[in-house]
Amino acid sequence: MEDITQQIAAYKTEIAAFRPSGEAALEAFRVRFLGSKGILKELFAGMKTVAPEQRKDFGLVLNELKQLAEEQYHNGREQLQDRPGESGGREADHTLPAEPQRLGARHPISLVRSRIISIFEKIGFSIAEGPEIEDDWHNFSALNMPENHPARDMQDTFYVAKAPDWVLRTHTSSVQVRVMEQGKLPIRIICPGRVFRNETISARAHCFFHQVEGLYIDENVSFADLKQTLYYFVQEMFGEESRVRFRPSYFPFTEPSAEMDISCLICGGKGCSVCKQTGWVEILGCGMVHPRLLENCGIDSRRYTGFAFGMGIERITMLKYQIRDLRLFSENDVRFLKQFEGAV
């Protein structure tokens, strides 16, 4: 027993003094002490020859020796990894090209929003923005939609609070009201932003979408000014070959009111599922600002007139890029978004 104890002490000294000179020396150390036929394996196998009353102490000594050997082996591995030129610690080659970083692409809604803004900026429109949570006055009442007015059913929304009413805005017309209340005339603005309506989600509708509304108020503004402004927009956005038509409609905040259609870009006016076989697609609503709305905002309706229009950016994007399902815009499917890496 004393001979084995002295031998173990010698192994401890050898292990503690070990410093690997390279990968081969480290592997030789592992095989010598920790291998399947190594020293520790033989020592543990020899426990059966030790007297029963000494086996516990002998086992503790062997476990201590094993832990020391494993610790030295792992330390040696780390030392080699830190050395340039050794396996696992290769010196950096600064002549190698850097790993490429993939650049993202702008979302199609952002692309079209920027394009719409740039078109109207060319003819003197500035940008106005406002809050997405609005009070009843700015979202409904000031726009000639008092409480219990049937037109409110057309814009069912999400209420944040009741009495007083606070809602997620149903249109960016609320921004127009805020600008008109400032009383700085003339006004020529567009109001881009996100809006919310309590609608069933489908290929053509969603509970949130994006709008751009426009407003022009000055002396002697006529419906002819409105038509020429929108003709210009359509030609810039969709091309000079696009045809336009106006249809009478109703909006509580404009009088007279109209909806504007363009010839379907997907079927070329021949009729398809997108245009419901008519050859025409509605893209916006418009009209002359109602005199009562002007008075609600402190503007003299006998001196000033104006026009307003509003369009959904998703609808314009679907037509421009021939997308048939509106839900694709908010699903964050990379396969869909990659198609717009080179889009303008």
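As the structure is a prediction and not an experimental result, all values here were calculated from the model. (Residues numbered from 1 in each chain as written. Predicted model: local features only at pLDDT ≥ 70, side-chain atom pairs only at ≥ 80, totals over all residues. Heavy atoms only, no water.)

Chemist: What is the right way to look at the overall build of the protein chain in this model?
Modeler: Helices and strands together make up the secondary structure of the protein chain, namely 11 helices and 10 strands. Its C-alpha atoms give the protein chain a radius of gyration of 39 Å, clearly above 20 Å, the size a compact globule of 344 residues would have. Counting across all 344 residues of the protein chain, residues that qualify as buried make up 42%. Within the protein chain, counting contacts between residues at least 6 apart in sequence, those at least 24 apart form 66% of the total. Carbon and sulfur atoms make up 49% of the accessible area of the protein chain, which totals about 19400 Å². (Helix = DSSP H or I, 4+ residues; strand = E, 2+ residues; numbered from the N terminus. Rg over C-alpha atoms; globule rule 2.2 N^0.38 Å. Buried < 20%, exposed > 50% of the residue type's maximum accessible area, 1.4 Å probe, protein only. Contact = heavy atoms within 4.5 Å. Areas by Shrake-Rupley, 256 points an atom, 1.4 Å probe, with all protein chains shown as cover.)

Chemist: What am I meant to see in the pattern of salt bridges here?
Modeler: Close approach of charged atoms lets side chains of opposite charge pair. Overall, the coordinates contain 18 salt bridges when judged by the stated rule. A salt bridge links R178 to E134; the nearest nitrogen and oxygen atoms lie 2.8 Å apart. In this pair, R178 sits in helix α7 (residues 173–181) while E134 sits in strand β2 (residues 133–135), placing the two residues 44 residues apart along the sequence. Taking relative accessible area as the criterion, R178 reaches 29% and is therefore assigned partly exposed. Residues D325 and R327 are paired through a salt bridge, measuring 2.9 Å at the closest nitrogen-oxygen approach. One salt-bridge network, in which partners are shared between bridges, spans R245, R247, E259, D261 and E282. (Salt bridge = Lys/Arg side-chain N within 4 Å of Asp/Glu carboxyl O.)

Chemist: Can you walk me through the sheet that holds β2 in this structure?
Modeler: Through backbone hydrogen bonds, the strands of a sheet pair up, either in parallel or in antiparallel fashion. Ordered in space as β2-β4-β3, the 3 strands form an open sheet in which the pairing is antiparallel. The sheet terminates laterally at β2 and β3 (159–161), the two strands that pair on one side only. Across the sheet, the axes of successive neighbouring strands diverge by a mean angle of 35°, strand direction being ignored. As defined by bridge partners, β2 adjoins strand β4 (residues 166–168) across 3 bridges and the pair is classed as antiparallel. If you follow I133 over to β4, its bridge partner there is L168. (Pairing = 2+ DSSP bridges. Axes fitted to C-alpha atoms, helices over the stretch in contact; angles between N-to-C directions.)

Chemist: Which parts of the structure should I look at to understand the packing of helix α5 (residues 108–121) against helix α10 (residues 313–321)?
Modeler: Pairs of packed helices are described in terms of their axes, by the angle between the two and the distance that separates them. Two elements in contact, α5 and α10, have axes separated by 9 Å at closest approach and are oriented at 100°. Judged by the inter-axis angle, α5 sits roughly perpendicular to α10. Across the interface between the two elements, P108, I109, L111, V112, R113 and I116 of α5 pack against I313, E314, I316, T317, K320 and Y321 of α10. When the residues that make up the contact of α5 with α10 are grouped by side-chain class, the tally is 8 nonpolar, 1 polar and 3 charged. (Parallel < 35°, antiparallel > 145°, perpendicular 65-115°, else oblique. Nonpolar A, V, L, I, M, F, W, Y, C, P; charged D, E, K, R; others polar.)

Chemist: I'm lost on the environment of C286 in this one. Help?
Modeler: Turning to its location among the elements, C286 is positioned in strand β9 (residues 280–289). Residue classification places C286 among the buried residues on the basis of a relative accessible area of 2%.

Chemist: What is the right way to read α10 from this model?
Modeler: Residues separated by three or four positions in an α-helix point in the same direction, a consequence of the helix having 3.6 residues per turn. The complete set of buried residues in α10 reads I313, E314, I316, T317, M318 and L319. Here the buried face of α10 lies against α5, β6 (208–218), α8 (223–238), β8 (254–263), β9 and β10 (305–312). The first or second residue beyond α10 is Q322, which carries a positive phi of 55°.

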